[in-house]
Amino acid sequence: MHFCRVAKALIIGLGFCGVLTAQAQTNQQWPKQPIRIVVSFTPGGAPDILARVLAEHWQKNLGVPVLVENRPGVGGNIGADLVAKSEPDGYTLLIGTVGIQAINGALYDKMSFDPVKDFTPISFLASTPNVLVVNKQLGVTNLHELIELAKAKPNQLTFGSSGVGTSLHMSGELFKEFTGVQIRHIPYKGRAQSLPDLLSGRISMLFDNLSSSLPLIKAGEVQALGVTTLRRSPAAPEIPTLAEQGLTGFEATSWFSLVAPANLTPSIQMRLNRLTRQALNSPEVKARLLASGLDPAPGSPQSLSKLIAAEANKWGRVIAKSGAKLD
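1. A short note on unusual backbone geometry
1) Next: In this structure, Pro-31 follows Trp-30 across a cis peptide bond, with omega equal to 0°.
2) Next: The topology assignment puts Pro-31 in the loop between helix H1 (2-29) and strand S1 (35-39).
3) Next: Positive phi values are uncommon outside glycine, yet Asn-155 reaches one of about 65°.
4) Next: Of note, Asn-155 is situated in the loop between helix H5 (143-152) and strand S5 (158-161).
5) Next: A positive phi angle, close to 70°, is found at Asn-263, a residue other than glycine.
6) Next: Within the secondary structure, Asn-263 is located in the loop between strand S9 (253-261) and helix H9 (266-281).
7) Next: We classify Asn-263 as exposed; its relative accessible area is 68%.

2. Some thoughts on the pairing of strand S8 (residues 223-227)
1) Next: Most of S8 is tucked away, with four of its five residues classed as buried.
2) Next: Sheet analysis places strand S4 (residues 119-134) next to S8, joined by four bridges and oriented antiparallel. Residue Leu-132 lies in a different strand from S8, and its bridge partner there is Gly-226.

Each value, and the rule that gives it
Residue numbers here run from 1 along each chain, matching the order of that chain's written sequence. Two thresholds apply to this predicted model, a pLDDT of at least 70 for residue-level local features and 80 or more for giving and counting side-chain atom pairs, whereas whole-chain, interface and lining totals are computed over all residues. As a rule here, side-chain values come from all non-hydrogen atoms in the structure, and water together with hydrogens is ignored. Here a helix means four or more residues in a row that DSSP labels H or I, a strand means two or more in a row labelled E, and each is numbered from the N terminus. Between buried and exposed lies partly exposed: a residue is buried under 20% and exposed over 50% of the maximum accessible area for its type, with that area taken using a 1.4 Å probe on protein chains only. DSSP bridges decide pairing: two strands pair if at least two such bridges lie between them.

See below:
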């Protein structure tokens with residue numbers, strides 16, 4: 001009996017060692033083929049900027065190509081669905097957003113993937129204020145003038161966003177809730193499609209990531225009325241917050257993360273986390289992102305999971321109050 005117990009323990013121990021050895025081999029072998037980072041929005045926006053920064057940094061250090069693939073549409077769901085259904089081998093990753101991970105689950109009646117269960121968290125990447133910009137021909141120079149105009153012309157003014165369910169769309173819904181104005185939402189596949197319409201006056205205003213709109217604001221092509229964070233952004237301290245202009249408590253931050261398909265090997269998960277931290281903590285990368293209006297803050301997979309849960313709770317309440325629902 002004693003011999004049987006010892007033999008059984010030995011077999012279990014050898015099996016456990018075999019698992020550890022297999023994981024170690026997997027970690028050592030990865031990466032041995034190109035890595036793909038999927039961006040669920042059009043080129044040029046904050047998710048795309050972050051993906052290309054990571055790709056550039058990793059490619060120098062890993063010795064394999066790191067490709068960025070833009071798959072825009074349906075508030076980020078198209079690209080997210082592609083990654084959710086990919087092999088959990090560390091070769092297909094997603095730039096997550098507050099929209100994909102904390103908003104769409106409450107907004108869409110039918111989802112082809114679970115925003116939480118179908119992904120392995122890697123790391124928080126960065127956040128950026130959203131900014132309210134208006135067409136200069138609208139003739140308003142501050143928030144109060146815009147609110148007065150919108151109240152005088154109910155449902156005649158329009159606001160664009162990079163898609164239904166994105167944090168930019170939710171910023172507009174929150175704005176309507178805070179001010180009581182009636183403005184129509186015009187969703188686009190991405191910010192690249194909305195900008196020509198804003199500049200030409202086909203839409204009145206746009207909620208955009210500050211990192212994306214900053215060049216246009218500095219060039220004087222659009223009028224910035226306020227950022228959506230509680231504090232002014234170091235990248236553009238001259239732009240007041242919406243909160244300080246009377247919308248007390250108004251806060252809608254766009255944030256971005258890195259995730260992989262569910263069931264990713266823990267060793268690869270942690271290696272990706274280390275690579276992400278190294279890239280975003282690099283002085284050169286940090287300076288580049290801050291200049292673009294992005295605040296890099298890589299963290300642990302566990303802290304990312306907690307953030308997603310808290311944000312899903314917050315935006316779920318906003319969506320329920322607005323009555324917004326999509327098929």
